[in-house]
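Descriptive structure summary
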Amino acid sequence: MHKFAIGQSVDLITTVLRPAAPGAYEIRHLVPAPDGSPENPRYRIKNTAEKHERVASEHELTASSRSVSA
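The structure presented is a predicted model; accordingly, all values stated were derived computationally and were not measured.

Structural notes on the overall build of the chain
For the chain, the helix and strand inventory stands at zero helices and five strands. Scanning the chain from its N terminus toward the C terminus, one meets helices and strands in the order β-β-β-β-β. For 70 residues, the compact-globule estimate of 2.2 N^0.38 gives 11 Å, and the C-alpha radius of gyration of the chain, at 11 Å, lies within 12% of that figure. If one aligns the C-alpha atoms of the chain with their principal axes, the spans along those axes are about 35 × 25 × 20 Å. With 70 residues in all, the chain has 37% of them scored as buried.

Now the structure itself:
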């Protein structure tokens, strides 16, 4: 079951191996969890500073207090 909803603003937890644009991301699509990890569903997310969408696991996201600006 997904914790976040389509249209919700989230922050992506960045790492050295996964740099990302700063700011809030918008949840665009809910992606089913992989068979081996049903407790960690995935999401397609988009930041207005980037031209592409990303796929992120739920444990890589936190709820954002910022709104996504168009």
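Here we look at the sheet that holds strand β3 (residues 42–46)
Judged by pairing direction, the sheet is antiparallel, and its five strands sit side by side in the order β4-β3-β2-β1-β5 without closing on themselves. Of all the strands in the sheet, the pair left with one neighbour each is β4 (53–57) and β5 (61–63). Each adjacent strand pair in this sheet contributes to an overall mean axis angle of 50 degrees, direction not counted. As paired elements, strand β1 (residues 9–12) and strand β2 (residues 25–31) share two bridges and run antiparallel to each other. Looking at β2, one finds that S9 is bridged to E26.

Describing the environment of R18
Tracing the backbone shows R18 in the loop between β1 and β2. Each residue touching R18, except ones within four places of it in the same chain, is listed here: L12, R54, V55, A56 and E60.

What counts, and at which threshold
- Residues numbered from 1 in each chain as written.
- Predicted model: local features only at pLDDT ≥ 70, side-chain atom pairs only at ≥ 80, totals over all residues.
- Heavy atoms only, no water.
- Helix = DSSP H or I, 4+ residues; strand = E, 2+ residues; numbered from the N terminus.
- Rg over C-alpha atoms; globule rule 2.2 N^0.38 Å.
- Buried < 20%, exposed > 50% of the residue type's maximum accessible area, 1.4 Å probe, protein only.
- Pairing = 2+ DSSP bridges.
- Axes fitted to C-alpha atoms, helices over the stretch in contact; angles between N-to-C directions.
- Contact = heavy atoms within 4.5 Å.

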